[in-house]
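Okay, here's what each chain looks like letter by letter:
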Amino acid sequence: MLRAPERQGQPAPEDRLAALERIWRRFNGADGLVKRGGLVTEVTPTHYKVRGLSDFARLGDIVEQRGQAGTRRGEIVKISRDEIVVAPFERSADAGIGDAVFRRGPLAVAPHASWRGRTIDALTRAIDGGSPLVRGDDMSAHATTPSAMARQRVGTAFMTGVKVIDIFTPLCFGQRMGVFAGSGVGKSTLLAMLAGADAFDTVVVALIGERGREVREFLEDTIGDSMAKTVAIVATSDESAMMRRRAPDTAMRVAEHFRDQGHRVLLVLDSITRFAHALREVATGTGEPPVARGYPASVFTELPKLLERAGPGAEGKGSITAIISVLVDGDDHNDPVADSVRGILDGHVVLDRAIAEQGRYPPVNPLSSISRLAGKAWSVEQRALVTRLKSMISRFEDTRDIRLLGAYQGGADAELDIAVRQVPLIYEALTQSPRDRPSSDPFSDLARHLKGKLNAESGD
């Protein structure tokens, strides 16, 4: 922690700072000749404190700090009577004692139709080497979350092209679905397959805390041709906590802009857990105490505030369909963030490491996954079929150990005999990679696969 140095025969640091503050205020009046500002009084690796801005600062305001390293920006995260706490957007707080700090007001996010096909950072600066972004209307000036009674009702299903999703956990426009998985299970690959759905006018992809080397691969190879209608917001793992904290809000504002234009928007956020980590880092830096596994209470306040902004828009507007990835720490699906997010979303897809180790991709566990709006997507016949499929899969998995021990004898249980014969074929039919053609009719594809395999086995 850096403080103003005290030298022998010189005034105490507090006296010198007070004198500097008096001089500052003489030039910081209401005549408008000099912008209102303050002075840095204390610096830590992740935050710095400023005296002189408390009277008119607001949480979330952007400030500009001018020092030896040049001009830097940060966000006000705490306000007290005599000073404010600022979290910088740079990778470290390179402020110095006595540096000037000016308030710039709320962050302006002004999306424009020309942003589709572009990659930007959390502060809406282009990072793809293209031309400067065209600015539209500032989304911060609007109340963008429709009230509960003003929202449209969800009821129109769409095809993602991923067979296991469209059969067991079908989605509707305006739904919020979570993808829960441990690290290295295939979460990002499944998200990329879902992002390629043809049903949407605009796709907004937010990559939060991702490895920097994977960003171009994800956007250029996996998103591919869909990039023309995609806006990507990127905050890699080596960027500051404030950039990772800001990126989901920026992505949501971009999605809200296109929703208000009547677009059906797909928002892919990878991952909400790293957003929670950034919230925790910023909150603990301001002195907020932890309440659950190191997470402060404000984390569990910010999560619903962000996620509730997705969903169906007001009557006459579009919708935001959100696919949210949740990185479960240590494969614990009941950790605080996963448990909190699960209660907010409209369903969850669980990726199982054991399934991935068997080479079945995407490694979706159909028994643990659920879509709360599946009833609006299935026909009566499809609902009955899915119920039957889940029953067979459950029976097959429950008896796996018995069969491995050789205790299973065919003919004793007709239902189990059918499951043993057909479930491996169902698993085979549901296997799909990003290079495979998206399925337009997954139920028919499944039926054709089963019929062909069973006929081949019987010799017909």
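The text that follows walks through the structure, step by step, so that each part is easy to find.

On to the overall build of the protein. Within the protein, the secondary structure is distributed over 13 helices and 19 strands. On the principal axes, the C-alpha backbone points of the protein span a range of 100 × 50 × 40 Å. Here the protein holds 460 residues, and 50% of them are scored as buried. For the protein, the accessible surface area stands at approximately 21,600 Å², while carbon and sulfur atoms represent 49% of it. Across the protein, 61 positive and 60 negative side-chain charges occur, with their mean positions spaced 4 Å apart.

Let us now look at the sheet that holds strand 4 (residues 70–79). Strand order in the closed barrel formed by six strands is 1-2-5-4-3-6, with antiparallel pairing between adjacent strands. Pairs of neighbouring strands in the sheet enclose a mean axial angle of 45°, with direction left out of account. Both strand 3 (residues 61–67) and strand 4 contribute to a ladder of six bridges, which runs antiparallel. Looking across to strand 4, one finds that Gln65 is bridged to Arg72. Strands in contact with helix 5 (residues 241–260) are strand 3, strand 4 and strand 5 (83–88); relative to strand 4, the strand with the most contacts, it is inclined by about 70°.

Before going further, it helps to spend a moment on the packing of helix 5 against helix 6 (residues 272–285). Helix 6 packs onto helix 5 with a crossing angle of 130° between their chain directions and a minimal axis gap of 8 Å. On the basis of their axis angle, the class for helix 5 and helix 6 is oblique. Judged by the sense of rotation from one axis to the other, the crossing of helix 5 with helix 6 is left-handed. Contact residues: Ala241, Met242, Arg244, Arg245 and Pro248 in helix 5; Arg274, Phe275, Ala278, Leu279, Glu281 and Val282 in helix 6.

Our next topic: the environment of Lys78. Take Lys78: it is sitting in strand 4. Excluding anything up to four places from it in sequence, Lys78 contacts Leu59, Ile84, Val85 and Thr286. A distance of 3.2 Å separates a polar atom in the side chain of Lys78 from the backbone oxygen of Thr286.

Conventions adopted
- Residues numbered from 1 in each chain as written.
- Predicted model: local features only at pLDDT ≥ 70, side-chain atom pairs only at ≥ 80, totals over all residues.
- Heavy atoms only, no water.
- Helix = DSSP H or I, 4+ residues; strand = E, 2+ residues; numbered from the N terminus.
- Buried < 20%, exposed > 50% of the residue type's maximum accessible area, 1.4 Å probe, protein only.
- Areas by Shrake-Rupley, 256 points an atom, 1.4 Å probe, with all protein chains shown as cover.
- Lys, Arg positive; Asp, Glu negative; His and termini not counted.
- Charge placed at Lys NZ, Arg CZ, Asp CG, Glu CD.
- Pairing = 2+ DSSP bridges.
- Axes fitted to C-alpha atoms, helices over the stretch in contact; angles between N-to-C directions.
- Contact = heavy atoms within 4.5 Å.
- Parallel < 35°, antiparallel > 145°, perpendicular 65-115°, else oblique.
- Left-handed = near helix turned anticlockwise from the far one by under 90°.
- Polar contact = N/O pair within 3.5 Å; in protein donor to acceptor, adjacent residues only side chain to side chain.

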